[in-house]
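For reference, the chains in residue letters:
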Amino acid sequence: MLRLKSYEFRRERERVWRELEDLLARADQRGVSGLSAQELARLPALYQSALSSLSVARAISLDRNVVDYLDGLAARAHFAVYGVRQHLRDSVRRFAAERFPRAVRGLRAHLCLAALFLALGAATAAVQVLDDPERFHAFVADDYAQGRDPSSTTEELRAALEHDAGGAEAQLAAFSSFLFSHNARIGMLSFALGFAAGVPVFLLTFMNGLILGAFAALYGSRGLALQFWGWLLPHGVTEILALLLCAAGGLALAESLVFPGRHTRLRNLALRGREAGVVVVGAVAMFLIAGCIEGVFRQLVHSTPIRYAVALSSAAVWTLYFTRAGRKA
Amino acid sequence: MIPSGARRERDLLTPEGVPLRFTLAGAGDRLGAFLIDLTFVSISSAVLGVAMTTVLIGRDAFDHLVVAAILLASFLLRSFYFMWFEIRWQGQTPGKRLLGIRVIDAAGGPLTPQAVIARNLLRDVEFFLPLSLVVAPQMVWPGAPAWAAELAALWAVALALLPLFNADRLRPGDLVGGTLVVLAPRALLLDDLGAHMVAERAMPRPSAHAFTDEQLDVYGIYELQTLEAVLRRGTGEANREALGAVAERIQRKISWEASGKPEAYWFLRDFYAALRARLESRMLLGKRRESKAPAPR
C-alpha cells in the first residue's frame, strides 16, 4: 500500500473546491450580481482558499489534472472577484463628473497641438481661396460642398445658411442622427490612427482645417462672414472641440509610441491608451450633443444674435466643465 | 502526447502574489470569434435596415423619429457592440464565449472598462480601414496617387497582421488597452488515477503490481505526467495500442520480470501510482526530479 500525499491533500480540500465551482457556475449563468448576499460574502474566502490550494498543489502534488484544475478554478474565481461590478448608472455618473474632464486636462498639450494644426489648415485654405476663389475646389470635395461653391450667387449662399441641406423640418431628427454617427466615426478613426505614429492624425486634422478655412473664406468674400459663423458656431464649438479631443487622444497614443519616457514602450502605450480612450468616448457624447444642436436647433432658429448667444454659452459651459469638474477640493 | 506547448502559456501574478497560468488564444480562435461577432452585428444592422426601408415606404411625419432612432441604434450597435459585451460579460462577447476565449488584463489586475474601451476603439484601424484601403482606396482617400494608396494599403495590412508577428499574439488594440486574449479556463476535476492504491481506500485492488525503488528511480516528473495523459484517454479501442506500447517500453526499461504478460492498463495505473508516490515523497525532501535525463551538475 502507498502513501500519496497529494491524494490526502485533495481529499481534505475537495469539498471547498466543489463549493467554489458551484458558485462560479451559478455566477456564469446569472452574472455575479445574481448571487445571494451570503454567497457573495463567501466568494473572497473561497477564492483565497483556492489560491492557497494551488500554491500547495504546485509544491507537493504531481497529479497534473489537480494542478490544472486548480489553476483554472483560481483564475475563474479571480475574474469573479475582480470583475467590474459597478452599476451602469454609477459608472456613467462618475465618468461625466470626474473621469472625462480629468482625462481631458491630462491631454491639454496635445489638445493645443491639434488646435494649432486645425488653425494652420484653416489659415492655409483661407489665404488660398481669398487669392483665387477657384482653388476652393482643391480643398472641398464637390459632393461635400452640395452646390455651395464659388460659382454660386451670394443669394444662394445666404439661402444655404438659412435652409439647410436636410430641407423639410420633419426630417430634422433623422438628419441630426446621420450627422452624429458620421462625425463620431471620423472622431474615433482619428484617435485610432494615432497608432500609426500620429502622422495620419495631423493630416486628418489639417484637412478638416482646410475645409473650414475654405468655407469661411468663400462666405467672407461675399460679405456673409457674420451669418456664416452664426450658422457654424452653435454646434461647431462642441463639434470642433470633440474632433480636437479625438485627435489629441490619437496624438497621445503616438507620443507614447515615439517617446516612451520612463516606462517601456508597451507599458506606456497601455497607460496612455486607456486614458485617451476615455477622452474619445466622452467626445462621442459631445458629437451627440453637437448633432442635436446642428440637426434641430440650427434648422429652427434663424436669428443671428440668438445663434451667437448659443455659441458663446456653449463655449463657456465647456470651458467651465473641463477646467472645474472633478477637481479635488 | 505532450500537453500543449509551453510557448503559449503565460503566468500572471495576482494581487495576492500567486501566479496563475493562462494559455494564449490562437489566431484562428480569435479570428473566428471576431467573424461570429461581425456576423451578429451585420445581421442586426440588416434587420434594422429592412425596418428602416419598411418605415420609409409608408411615409408619415412621425416616421422620421423612427428613422432617426434606427440610424442612431445601428451606429451604436456597430461602434459599441464589442465594448458593451466585454464590459458586461467581463472580457467576453458572444463570439468569444462560443469559442471559449476571453480578454484579461495583461498585468494580472482587474479588466477595467477603460482597457476594454481602448482596445476596441482600435478595431477601425486594424480591420475596417485596411479592408477599405484594399478594396476601395478611392473611398478612403479620394484623389490619392496610386503609389500612395498602395503604400497606405500595405501599411494597413501590416497593422492588421500584427498579431501574427509577436509572441503574445497582441493586436494593436491589445497593445493600447494593455490586454491579452486567453483561453477561458474550464478544467474539470477528474478522478485521481492513483486512488486505487491508497491505504485509506476501503477496497484497494488486491493483485496490485509492486515495484522496487530502483525500478521507480528510472523516471522523473515529465514521464509521470506524460503517462497520466496517456491513461486519461481511457481504455477505449483507440487508446489500446498506445497503452500496450507504453507498457512494453516501461517493462523493458525497468527490467520487469514478467510472470505472464500483465494487462497493460492496470499495469500502468499501478506503475503510475507507485511512481507518483515515490517522486512526491522525494520532492518533500527537496529532491525534485524533472525527467529521466540526469540532472546537470
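Residues numbered from 1 in each chain as written. Chains lettered and ligands numbered in written order. Predicted model: local features only at pLDDT ≥ 70, side-chain atom pairs only at ≥ 80, totals over all residues.

Caption draft 1: Structural context of the overall build of chain B. A count of helical and extended segments in chain B gives 12 helices and four strands. Sequence separation of at least 24 residues holds for 65% of the intrachain contacts in chain B that already meet a minimum separation of 6. (Helix = DSSP H or I, 4+ residues; strand = E, 2+ residues; numbered from the N terminus. Contact = placed C-beta atoms within 7 Å.)

Caption draft 2: Quick peek at the overall build of chain A. When helices and strands are tallied, chain A shows 13 helices and zero strands. The order of helices and strands in chain A, counted from the N terminus, is α-α-α-α-α-α-α-α-α-α-α-α-α. The principal-axis extents of the C-alpha atoms in chain A amount to approximately 105 × 45 × 40 Å. The burial tally for chain A puts 44% of its 329 residues in the buried class. Residue pairs in contact within chain A that sit at least 24 positions apart in sequence constitute 81% of those at least 6 positions apart. (Buried ≥ 20, exposed ≤ 12 C-beta atoms within 10 Å, placed from the backbone.)

Caption draft 3: Fine view of unusual backbone geometry. A positive phi angle is found at Gln90 of chain B, which is not glycine, with a value near 50°. Relative to the helices and strands, Gln90 of chain B is located in the loop between helix H2 (63–88) and helix H3 (94–99).

Caption draft 4: Main features of the interface of chain A and chain B. Contacts between chain A and chain B engage 56 residues on the former and 61 residues on the latter. Listing elements by their share of the side of chain A that touches chain B, those giving two or more residues are helix H1 (5–30), helix H2 (37–60), helix H3 (64–82), helix H9 (172–192) and helix H12 (265–300) of chain A. Looking at side-chain class alone, the side of chain A that touches chain B contains 35 nonpolar, 12 polar and nine charged residues. (Nonpolar A, V, L, I, M, F, W, Y, C, P; charged D, E, K, R; others polar.)

Caption draft 5: Main features of the environment of Leu20 of chain B. Structurally, the position occupied by Leu20 of chain B is in strand E2 (residues 19–23). Residue classification places Leu20 of chain B among the buried residues on the basis of 22 C-beta atoms within 10 Å. If near-sequence neighbours (up to four positions away) are discounted, Leu20 of chain B is found in contact with Asp71, Ala74, Ala75 and His78 of chain A together with Leu12 and Thr14 of chain B.

Caption draft 6: How the structure looks around the packing of helix H5 (residues 108–131) of chain A against helix H11 (residues 225–258) of chain A. Residues and elements named next belong to chain A. Between H5 and H11, the least distance of the axes is 8 Å, while the angle of their chain directions is 115°. With respect to the hand of their crossing, H5 and H11 are arranged in right-handed fashion. For the pair H5 and H11, the contacting residues are His110, Leu111, Leu113, Ala114, Ala115 and Leu118 in the first and Leu244, Leu245, Ala247, Ala248, Leu251 and Ala252 in the second. By residue class, the composition of the contact of H5 with H11 is 11 nonpolar, one polar and no charged. (Axes fitted to C-alpha atoms, helices over the stretch in contact; angles between N-to-C directions. Left-handed = near helix turned anticlockwise from the far one by under 90°.)

Caption draft 7: Structural context of the domain arrangement of chain A. Parsing chain A into structural domains produces domain 1 (5–82) and domain 2 (88–324). Just the C-alpha atoms count here: the centres of domain 1 of chain A and domain 2 of chain A sit 51 Å apart. (Domains from an automatic or database assignment.)

Caption draft 8: Up close: the environment of Ser44 of chain B. Tracing the backbone shows Ser44 of chain B in helix H1 (residues 27–57). A count of 15 C-beta atoms within 10 Å places Ser44 of chain B in the partly exposed class.

Caption draft 9: Geometry of the nonpolar core. Counting residues in hydrophobic clusters, the biggest one holds 132 residues, and the most contacted among them are Ala50, Ala214, Leu245, Ala248, Val279 and Val280 of chain A. Top element by residues in this core is H11 of chain A. It accounts for 17 residues. Excluding residues within four positions of it along the chain, Val279 of chain A makes contact with Ala103, Val104, Leu107, Leu245, Ala248 and Gly249 of chain A. Residues Tyr219, Ala247, Ala264 and Tyr272 of chain B belong to the second largest nonpolar core, which totals 21 residues. (Core = buried A, V, L, I, M, F, W, Y, C linked by C-beta atoms within 7 Å.)

Caption draft 10: Fine view of helix H10 (residues 199–221) of chain A. Taking 1.5 Å of rise per residue, 23 residues should cover 33 Å, and H10 of chain A covers 33 Å from first to last C-alpha, within 8% of that figure. Phi for Gly223 of chain A, located one or two positions after H10 of chain A, is positive at around 75°. (Expected span 1.5 Å × (residues − 1).)

Caption draft 11: Region of the structure containing helix H4 (residues 113–121) of chain B. Counting buried positions along H4 of chain B yields eight of nine residues, so the element is predominantly enclosed. Along H4 of chain B, the positions that sit buried rather than exposed are Gln114, Ala115, Val116, Ile117, Ala118, Arg119, Asn120 and Leu121 of chain B.

Caption draft 12: Local environment of the pairing of strand E4 (residues 179–183) of chain B. Residue and element names in this part refer to chain B. Burial within E4 is extensive, with four of its five residues counted as buried. Across five bridges, the pairing between strand E3 (residues 101–105) and E4 is antiparallel. Directly across from Val103, in E4, lies its bridge partner Val181. (Pairing = 2+ DSSP bridges.)

Caption draft 13: Region of the structure containing the packing of H1 of chain A against H3 of chain A. Residue and element names in this part refer to chain A. Following both chains from N to C, one finds H1 and H3 inclined at 35°, their axes separated by 10 Å at the closest point. Seen from above, H1 lies across H3 with left-handed handedness. Across the interface between the two elements, Ser6, Arg10, Trp17, Leu20, Glu21, Leu24 and Ala27 of H1 pack against Val66, Leu73, Arg76, Ala77 and Ala80 of H3. Tallied by class, residues from the contact of H1 with H3 come to eight nonpolar, one polar and three charged.

Caption draft 14: How the structure looks around the pairing of strand E1 (residues 9–13) of chain B. Residues and elements named next belong to chain B. Of all the five residues making up E1, zero are buried; the element is thus mostly uncovered. In this sheet, E2 lies alongside E1 in antiparallel orientation, the contact comprising five bridges. Bridged to Glu9 within E2 is Thr23. In sequence, E1 turns back onto E2 through a hairpin of five residues, with Gly17 there showing a positive phi of about 90°.

Caption draft 15: View of the confidence of the model for chain B. Residues and elements named next belong to chain B. Confidence in the prediction of chain B, expressed as mean pLDDT, is 79, and 86% of residues score 70 or more. Per-element mean pLDDT across chain B ranges from 64 in helix H6 (residues 137–140) up to 90 in H3. Note that pLDDT drops below 50 for residues 1–5; the model gives that stretch five contacts with residues more than four away or on any other chain. Both scores are available for the predicted complex, with the pTM at 0.77 and the ipTM at 0.78. (pLDDT = per-residue confidence, 0-100.)

Caption draft 16: Representation of the environment of Leu40 of chain A. With respect to the helices, strands and loops of the structure, Leu40 of chain A is situated in helix H2. Spatially, the C-alpha atoms of Leu40 of chain A and Ala27 of chain A are 9.7 Å apart, while their sequence positions differ by 13 residues.

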